[in-house]
Amino acid sequence: MRILNFGSMNLDHVYQVKDFVRPGETDAALSYEIFPGGKGLNQSIAIAKAGGAVFHAGAAGEGGSVLERCMQDAGVDCTLMKHAAVSQGHAIIQVNRQGENCIILHPGSNHAVDTGYIDETLDGFSGDTYLVLQNEINNLTYLIERAWEKGLQIVLNPSPMDEAMRALDYGKVSWLLVNEIEGALITGKQESEEILEALYQRYPTTNIVLTLGSKGSVCRCGDTLHRQSSFSVEAMDTTGAGDTFTGYLIAGIAEGKAVTEALQFASAASAISVTRTGAATSIPMRAEVEEFLLSN
């Protein structure tokens with residue numbers, strides 16, 4: 001199976017803070033760094049570092065050449081990317097002392113994805129392809145419809161969640177990856193078991209992965225449940241951990257791993273990533289993940 005990631009690319013402006021800044025408050029950052037990021041870029045790099053062959057499609061803007069080079073250095077095929085004469089998408093990220101983050105996104109070039117570019121890109125792919133998507137580019141509903149018509153296996157992480165994502169027909173999605181907050185917004189349920197059951201009842205042909213933070217993850221494939229506990233590590237920065245999980249999971253599934261094995265593979269990679277700062281820069285290589293699994 002081939003993998004095409006049609007996704008975002010951001011310059012991440014990361015501020016280490018004691019606590020998240022509250023309304024009306026001014027505080028000094030403990031440190032400041034710029035990292036490559038964006039859910040699309042992170043997931044493409046995670047897939048490549050996991051050993052998967054991945055094409056990345058998306059729009060790079062002014063100042064975005066560094067992001068393209070970052071993906072190429074990780075082994076991502078960037079020949080399908082377009083370049084737009086607008087500012088590069090970026091994010092402003094606060095990371096507190098517990099390693100938690102809050103993020104403000106500016107779409108920039110990530111919203112320069114037009115329908116003609118989508119059609120041109122998808123023309124080169126068919127049903128032997130996993131199409132990995134997130135909600136940080138524009139025309140996503142059109143992209144899903146076109147990919148579904150062509151028979152591509154759609155993998156969707158509907159983040160950040162908005163009204164369009166709440167109204168989407170997830171029955172056209174082969175793999176849906178959500179956290180508890182996103183799952184609650186889609187289903188109206190609050191408990192993880194209720195979220196999973198509600199998603200299954202609505203979309204019985206969709207493989208559903210619900211990530212549970214420190215409680216691990218659970219996957220429902222038809223009538224079968226697969227559970228994966230989290231690995232105990234000391235978190236420094238959780239930025240990009242979910243993208244690392246997604247990339248490693250899909251790379252594992254694409255190479256033929258069983259679901260339980262792919263979940264463990266993804267969970268270990270995600271655990272390693274939170275012990276480091278940054279998003280794309282925190283994603284481990286496959287050899288590190290395999291060594292981690294041998295020792296845990």
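Computed from a prediction, not measured in an experiment: that's the story for all the values here. (Residues numbered from 1 in each chain as written. Predicted model: local features only at pLDDT ≥ 70, side-chain atom pairs only at ≥ 80, totals over all residues. Heavy atoms only, no water.)

## Points about the side chain of Lys49
Here is step 1 of the chain: Counting through the fold element by element, Lys49 comes out in helix α1 (residues 39–49).
Here is step 2 of the chain: One buried charge, Lys49, has no salt-bridge partner; the nearest side chain with opposite charge is Glu288, at 6.4 Å.
Here is step 3 of the chain: Sequence-distant contacts of Lys49, defined by excluding residues within four places in its chain, comprise Tyr248, Ala280, Ile283, Pro284, Met285 and Arg286. (Helix = DSSP H or I, 4+ residues; strand = E, 2+ residues; numbered from the N terminus. Buried < 20%, exposed > 50% of the residue type's maximum accessible area, 1.4 Å probe, protein only. Lys, Arg positive; Asp, Glu negative; His and termini not counted. Salt bridge = Lys/Arg side-chain N within 4 Å of Asp/Glu carboxyl O. Contact = heavy atoms within 4.5 Å.)

## As for the pattern of salt bridges
Here is step 1 of the chain: All told, the structure shown has 16 salt bridges when counted by the stated rule.
Here is step 2 of the chain: Glu197 serves as the salt-bridge partner of Arg220, at 2.7 Å between the closest nitrogen and oxygen. You can see Arg220 sitting in strand β13 (residues 217–221) and its partner Glu197 sitting in helix α7 (residues 192–202), a full 23 residues away along the chain.
Here is step 3 of the chain: Residue Glu197 is classed as partly exposed on the basis of its relative accessible area of 33%.
Here is step 4 of the chain: Arg286 is paired through a salt bridge with Glu255; the nearest N and O atoms lie 2.8 Å apart. Here Arg286, found in helix α10 (residues 286–294), pairs with Glu255, found in the loop between α8 (241–254) and α9 (259–273); they are 31 residues apart in sequence, far enough to count as distant.
Here is step 5 of the chain: A relative accessible area of 43% places Glu255 in the partly exposed class.
Here is step 6 of the chain: Put simply, Glu255, Lys257, Glu261, Arg286 and Glu290 are held in one network by salt bridges that share partners.

## Details of the side chain of Arg220
Here is step 1 of the chain: The exposure class of Arg220 is buried, given its relative accessible area of 13%.
Here is step 2 of the chain: Here the side chain of Arg220 touches Glu197 through a polar contact of 2.7 Å, side chain to side chain.
Here is step 3 of the chain: Apart from residues no more than four positions distant in its own chain, Arg220 is found in contact with Leu196, Glu197, Tyr200, Thr206, Asn207, Ile208 and Leu225. (Polar contact = N/O pair within 3.5 Å; in protein donor to acceptor, adjacent residues only side chain to side chain.)

## Some points on helix α4 (residues 140–149)
Here is step 1 of the chain: Taken together, the buried positions of α4 are Leu140, Leu143, Ile144, Arg146 and Ala147. Buried residues along α4 cover an arc of 170° about the axis, so they all sit on one side.
Here is step 2 of the chain: Where the residues of α4 are buried, they touch β1 (2–6), α3 (115–122), β9 (129–134), β10 (153–157) and α5 (163–166).
Here is step 3 of the chain: Backbone geometry just after α4 places Gly151 at a positive phi near 85°. (Arc of directions from axis to C-beta.)

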